[in-house]
Amino acid sequence: MARFIVLDIVFKASSLNYDLGGPTYHELKKIRRWNGKVHTLVSRYALRYSILETGEKMGLWKLAPADKLQRAQAKESGGRKGPIQPNYSELLTTGKILEYPEFDLFGYMITDPVTNIRETPVKISHAISMTPYTFDKHFSANIGLARRMMRKEGKMEPSPIHIEEHEAYYIYNVIIDVDRIGKVEIYVKEKNPQEVKKELEENGYIILKEPEKVGEIIRCVYGLRDVNKIYKRILNLVKVLLKLKRNIKGRSEDLSPVLLVIGFYENTMYDTYKDRIKLISFEREYIEEIEERQEQGKLIRIVRRKSTLSDKPEFVVHGLGVKPQILDENKILQLVEYFLEGKKEELLKELNRSSEGKQEDSEGASEKKPAKEHEEFKFVAIFHRPGVRVSLFQKK
């Protein structure tokens, strides 16, 4: 069985990820698209950092403290320190690495004393702006501090800087490999298979594949015993994505979705709509003012038509035949919970009830009946914030 939850997310924010730049020039991360236009980028590493920090501030999980980390031995000379990793003896051999969602959800690499690599079960793409970057920037200087230092040094010497800025809608996706969360494969040495199994079981973990010796290395697969703890961890991740924030250069930017396409997949490969969501225009509103008056026995009617460009973006989603719904965080979490618990009938009923009827037959839409065990199941829903227009485009 393979289960996936896929979230394609659009959010609006400003200047989220800066590159190396220089001491007086702060440069945004950028990428050149297929058409040659330059867009700003928020790296998956920046998004992961903000996800972990937001989750900790929301009280949904704790991050590993310093005593649970280690530095690998540096292979280069010159006093350079090795990379920071989870502590081998504190976390890996005891099984407690699964107690920290940052390692369970997003993987890790341990190189010392035995190489252990966990591929992330939660894949995050880069977030890329949906409109090109036009190289806006602003000039700033610390005049206040420089003015005070002038009283001491006798001259005004501020430190001017240029900062690149870009406010835009960004799009990224998150792919959750449900059945890889809460279980891990480890490689250890200096222990025999019986010792490894005994320690893991004493710490409350379930053995999924008996420890076996391969040369001088012991290989073992184990997991969390409580499946509800795994489901709660996934729900907490979705909660964070719905409330995501990012602190950058004295600002707190809101990365919560204005548009969300969420898909549930079982025993079939997942789809993503990240490259099928387009920002096409802003909504244009027309206002008519009619003035009537009598002049010399005649009715004079004057019609004034005004056009306004309101701040209501319009997104087009290609190949999806479901009715968009107003974003309701509680409803989304309920759908995720239904899927995790295998309540496909409730999931379908809730989505169809919210859509005021059955979903249309199109790419990404579900079958009319809930899937049986080992049969393919997929269902996609689309949510948006009030004030955001969503149009669907399907090929005939």
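Above: the structure in question.
The notes below deal with the structure included here.

What counts and what doesn't
Residues numbered from 1 in each chain as written. Predicted model: local features only at pLDDT ≥ 70, side-chain atom pairs only at ≥ 80, totals over all residues. Heavy atoms only, no water. Buried < 20%, exposed > 50% of the residue type's maximum accessible area, 1.4 Å probe, protein only. Helix = DSSP H or I, 4+ residues; strand = E, 2+ residues; numbered from the N terminus. Arc of directions from axis to C-beta. Polar contact = N/O pair within 3.5 Å; in protein donor to acceptor, adjacent residues only side chain to side chain. Phe/Tyr/Trp six-rings, centres within 6.5 Å; stacked < 30°, edge-to-face > 60°. Lys NZ or Arg CZ within 6 Å of the ring centre and 35° of its normal. Pairing = 2+ DSSP bridges. 1 Å grid on protein atoms, 1.4 Å probe; cavity = no way out; pocket = protein on both sides within 12 Å on 5 of 7 lines; lining within 4 Å. Points joined across faces, edges and corners; volume = space filled by probe spheres on them. Nonpolar A, V, L, I, M, F, W, Y, C, P; charged D, E, K, R; others polar.

### Notes on helix α5 (residues 193-202)
And then number 1: Turning to α5, its buried residues number three or more, namely P193, V196 and L200. Projected onto a plane normal to the axis of α5, the buried residues spread over an arc of 65° and lie on a single side. Projecting away from the buried face of α5 at angles above 90 degrees are the exposed residues Q194, K198 and E202.
And then number 2: Where α5 begins, one side-chain oxygen reaches toward the backbone nitrogen of Q194, 3.1 Å away; that side chain belongs to N192.
And then number 3: Of the residues flanking the end of α5, it is G204, one or two places downstream, whose phi is positive at about 95°.

### Here's the deal with the packing of aromatic side chains
And then number 1: Taken as a whole and judged by the stated rule, the model has 10 aromatic pairs.
And then number 2: Where F11 meets Y170, the ring centres are 5.5 Å apart and the plane angle is 15°; that geometry is what we call stacked. Pair noted here: F11 is in strand β1 (residues 3-14) and Y170 is in strand β13 (residues 167-177), with a separation of 159 residues, a long-range link.
And then number 3: Judged by its relative accessible area of 0%, F11 falls in the buried class.
And then number 4: A relative accessible area of 1% places Y170 in the buried class.
And then number 5: The ring of Y18 carries K249 above its face, with NZ or CZ at 4.7 Å from the centroid.
And then number 6: Taking NZ or CZ as reference, R276 lies 4.2 Å from the ring centre of Y273, over its face.

### Quick look at the sheet that holds strand β2 (residues 25-26)
And then number 1: The sheet built from three strands is open, its strands ordered β2-β12-β11 with mixed pairing. Whereas interior strands pair on both sides, the edge strands pair on one side only; in this sheet they are β2 and β11 (137-140).
And then number 2: Bridging between β11 and strand β12 (residues 161-164) involves four bridges; their strand directions are antiparallel. Paired with S140 across the strands is I161, a residue of β12.

### Observations regarding the layout of surface pockets
And then number 1: Estimated volume of the largest pocket: approximately 490 Å³.
And then number 2: Residue lining of the largest pocket: 20 residues in total, with R48, E102, F103, G107 and Y108 positioned closest to the centre.
And then number 3: Considering only residue class, the lining of the largest pocket consists of 12 nonpolar, three polar and five charged.
And then number 4: Space inside the second largest pocket adds up to approximately 410 Å³.
And then number 5: Along its surface, the second largest pocket is lined by 16 residues, and R33, H39, S129, M130 and K278 are the ones closest to its centre.
And then number 6: Broken down by secondary-structure element, the contributors of at least two residues to the lining of the second largest pocket are β10 (127-129) and β20 (277-295).
And then number 7: A total of three residues in the lining of the second largest pocket trace back to one element, the largest contributor, which is β20.
And then number 8: Of the residues that constitute the lining of the second largest pocket, the class distribution is seven nonpolar, four polar and five charged.

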